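Residue-level structural notes
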Amino acid sequence: MTTVLITGASVGLGAAFARGFAAKGCDLVLVARDKDRLGDVADALAREYGTACEVLPADLLDPADLDQVAGRLADRTRPVDILVNNAGFGLPAPFPYSPVEDEERMLDLLVKVPLRLTHAALPGLRERRRGGVVNVSSVAGLLPTGTYGAAKAWVTAFSESLRVDMEPYNVRVLAVLPGFTRTEFQERAGMDVSALRDAVWLEPEAVVEQALKDLALRRPVSITGRRYQAYALAVRHLPRAFVARKMARKRRAPAGPDA
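Throughout, residues of each chain are indexed from 1 in the direction in which the sequence is written. For a predicted model such as this one, the threshold for reporting local features is a pLDDT of at least 70, and the threshold for listing and counting side-chain atom pairs is 80 or more; totals across whole chains, interfaces and linings nevertheless cover every residue. Computation of side-chain values: all heavy atoms of the structure, hydrogens and water removed.

1. As for the layout of surface pockets
- Of the two site types, the cavity is a set of points on a 1 Å grid over the protein atoms alone where a 1.4 Å probe fits but cannot get out, and the pocket is an open set with protein on both sides within 12 Å along at least five of seven lines, each lined by residues with an atom within 4 Å of a point. Grid points are joined across faces, edges and corners, and a volume is the space filled by probe spheres set on the points. Put simply, the second largest pocket is a space of about 220 Å³.
- In terms of lining, the second largest pocket is formed by Thr2, Phe21, Lys24, Cys26, Asp81, Ile82, Arg130, Gly131, Arg172, Leu212, Leu215 and Ala216.
- A run of H or I in DSSP counts as a helix once it spans at least four residues, and a run of E counts as a strand once it spans at least two, with each numbered from the N terminus. When residues in the lining of the second largest pocket are grouped by element, the largest group, three residues, is from helix H7 (residues 204–216).

2. A look at the packing of aromatic side chains
- In this analysis, rings of Phe, Tyr and Trp, with Trp reduced to its six-membered ring, are considered paired at centre separations within 6.5 Å, and the interplanar angle assigns stacked below 30 degrees, edge-to-face beyond 60, and tilted for intermediate values. Per the counting criterion, the structure on display carries two aromatic pairs.
- Relative to phenylalanine 21, the ring of phenylalanine 17 has its centre 6.3 Å away and its plane inclined at 25 degrees; by these criteria the two rings are stacked. Of the two residues, phenylalanine 17 and phenylalanine 21 both sit in helix H1 (residues 12–23), four residues apart, roughly one turn of that helix. Taken as a pair, phenylalanine 17 and phenylalanine 21 share a single burial class, namely buried. We call a residue buried when its accessible area falls under 20% of the maximum for its residue type, exposed when it is over 50%, and partly exposed in between, using a 1.4 Å probe and counting protein chains only.

3. A closer look at the pattern of salt bridges
- What counts as a salt bridge is simple: a side-chain nitrogen of Lys or Arg found within 4 Å of a carboxyl oxygen of Asp or Glu. Following the criterion strictly, the structure yields nine salt bridges and no others.
- We note a salt bridge from aspartate 214 to arginine 219, for which the minimum N-O separation is 2.6 Å.
- Among the residues examined, aspartate 214 registers a relative accessible area of 3% and is labelled buried.
- One continuous salt-bridge network, built from bridges that share partners, spans Glu54, Arg72, Asp75 and Arg78.

4. Describing the nonpolar core
- Among the nonpolar cores identified, the biggest contains 40 residues, and Val4, Ile6, Phe17, Phe21, Leu28, Leu30 and Val84 are the most heavily contacted of them.
- Per-element accounting of this core gives the leading share, six residues, to H1.
- Once residues lying within four places of it in the same chain are set aside, the contact partners of leucine 28 are Val4, Ile6, Ala18, Phe21, Ala22, Leu45, Thr51, Ala52, Cys53 and Glu54.
- Residues enter a nonpolar core if they are buried and are Ala, Val, Leu, Ile, Met, Phe, Trp, Tyr or Cys, with the set joined through side-chain atoms within 4.5 Å. Listed in part, the 34 residues of the second largest apolar core include Leu60, Leu109, Ala120 and Met166. Working rule for contacts: check all heavy atoms of both residues, and any pair within 4.5 Å makes them a contact.

5. Looking at empty space enclosed by the protein
- What the rule picks out here adds up to one cavity of 30 Å³ or more.
- For the largest cavity, the calculated volume is near 90 Å³.
- Along the walls of the largest cavity sit 13 residues, with Asn85, Asn86, Ala87, Leu109 and Pro114 positioned nearest its centre.
- Listing elements by their share of the lining of the largest cavity, those giving two or more residues are helix H4 (100–128), strand E5 (132–136) and helix H5 (146–166).
- Element by element, the count of residues in the lining of the largest cavity is highest for H4, at five residues.
- Taken together, the residues of the lining of the largest cavity break down into eight nonpolar, four polar and one charged. In this classification, Asp, Glu, Lys and Arg are treated as charged, Ala, Val, Leu, Ile, Met, Phe, Trp, Tyr, Cys and Pro as nonpolar, and every other residue, Gly included, as polar.

6. A few points about the packing of H4 against H5
- Between H4 and H5, the shortest axis-to-axis distance is 10 Å and the interhelical angle comes to 10 degrees. In terms of orientation, H4 lies roughly parallel with respect to H5. Along the contact surface, H4 presents Glu103, Met106, Leu107, Leu110, Val111, Leu115, Thr118, Leu122 and Arg126, while H5 presents Thr147, Tyr148, Ala151, Lys152, Trp154, Val155, Phe158, Leu162 and Met166.
- When the residues that make up the contact of H4 with H5 are grouped by side-chain class, the tally is 13 nonpolar, two polar and three charged. Note on geometry: axes are lines fitted to C-alpha atoms, helical ones only across the stretch in contact, with angles between N-to-C directions running from 0 to 180 degrees. Angles are sorted into four bins: roughly parallel if under 35 degrees, roughly antiparallel if over 145, roughly perpendicular if 65 to 115, and oblique for all others.

7. With respect to a negative patch on the surface
- Patches draw on residues past 30% relative accessible area with no salt bridge. Two like charges within 9 Å are joined, as are two nonpolar side chains (Val, Leu, Ile, Met, Phe, Trp, Tyr) within 5 Å. Only the protein chains shown count as cover for residues, and all accessible areas are computed by the Shrake-Rupley method using a 1.4 Å probe. The positive count covers Lys and Arg only, the negative count covers Asp and Glu only, and His and the chain ends enter neither. Every charge is mapped to an atom, namely NZ of Lys, CZ of Arg, CG of Asp or CD of Glu. A contiguous patch of negative charge, built from Asp34, Asp36, Asp40 and Asp43, is present on the exposed surface.
- The topology assignment puts aspartate 36 in helix H2 (residues 35–49).
- Residue aspartate 36 is classed as exposed on the basis of its relative accessible area of 60%.

8. Points about the side chain of serine 10
- Residue position: serine 10 is located in the loop between strand E1 (3–7) and H1.
- Filtering out sequence-adjacent residues up to four positions away, serine 10 remains in contact with Ala15, Ala32, Arg37, Leu38 and Val41.

Here's what the structure looks like:
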C-alpha cells in the first residue's frame, strides 16, 4: 500500500491530489492549517474510496508545526512513499508595493518549506529505493512574473536537479506547472481575474490527472493543456528582455495615495 503525504490538502489542487491518489487506492496523510476542512476531506475520501486518511493539522510557517510534519516524513516505522509539496499562496501587489514581511512569508512557504520537507523524506525514499516527490510549481515560473514567479522558478529548477540525484535510487521527482486553475488561490491572494477568458482556466482534477500520468511515466515536468504546453514552449525561445518588458506592462502599482 502506498502512503502519500500532501500539503495544502484541504482545498484546491491539494484536495484534488488527495482524491486522485485515493482513487488509486493510496493511504493519505493530509496536511493543512484548517483542521475542520481537513476532517471533511478525510471523511469524504473514506466514504467514497475507503481510504485511510491521517489528518495532520499544521501551519507550515510555524517552526514547531513544520518540525512535526518533517518528523512524520522521516518516521521509518510509518513510511511515506510520495510527498506532494502543494501548500502556497500569492500576493496581490508587485514586490515594491508589498510588505516585506508578507514577501518573506511567501518565500518561506514556497521555497523553504518544500526544501525542508523533501530533505526529511529523501533518506527513507533512498533506503526503500522507491517512491517520489511531486512539487507543485507554476507556469508563472517560466517568465519574470514577480517574486511568486521567481519562487516557482526555483521549485522547478530544484525538482529537475533533484530528479537527476534521485534517479539512481529509483525515486521519481516531478514538477507540476499549472496555469490558471479554478481554486481559491486567486481569491485568497486578492487578485482580480475577472478579465480572464474561460478558455484559459483549468480544472484542478485535470491538472492532477495529467500530473499522475506524468509521474507514472517518469517525466520531469507536467503541464496541463495544449494552450499552456504551447505557451511553455514559446517562452523558452523568446528573448528574455522582450518578455520582461511585456510582463512589466501587466504589473501595476496598487491604487492608493502612495501609488
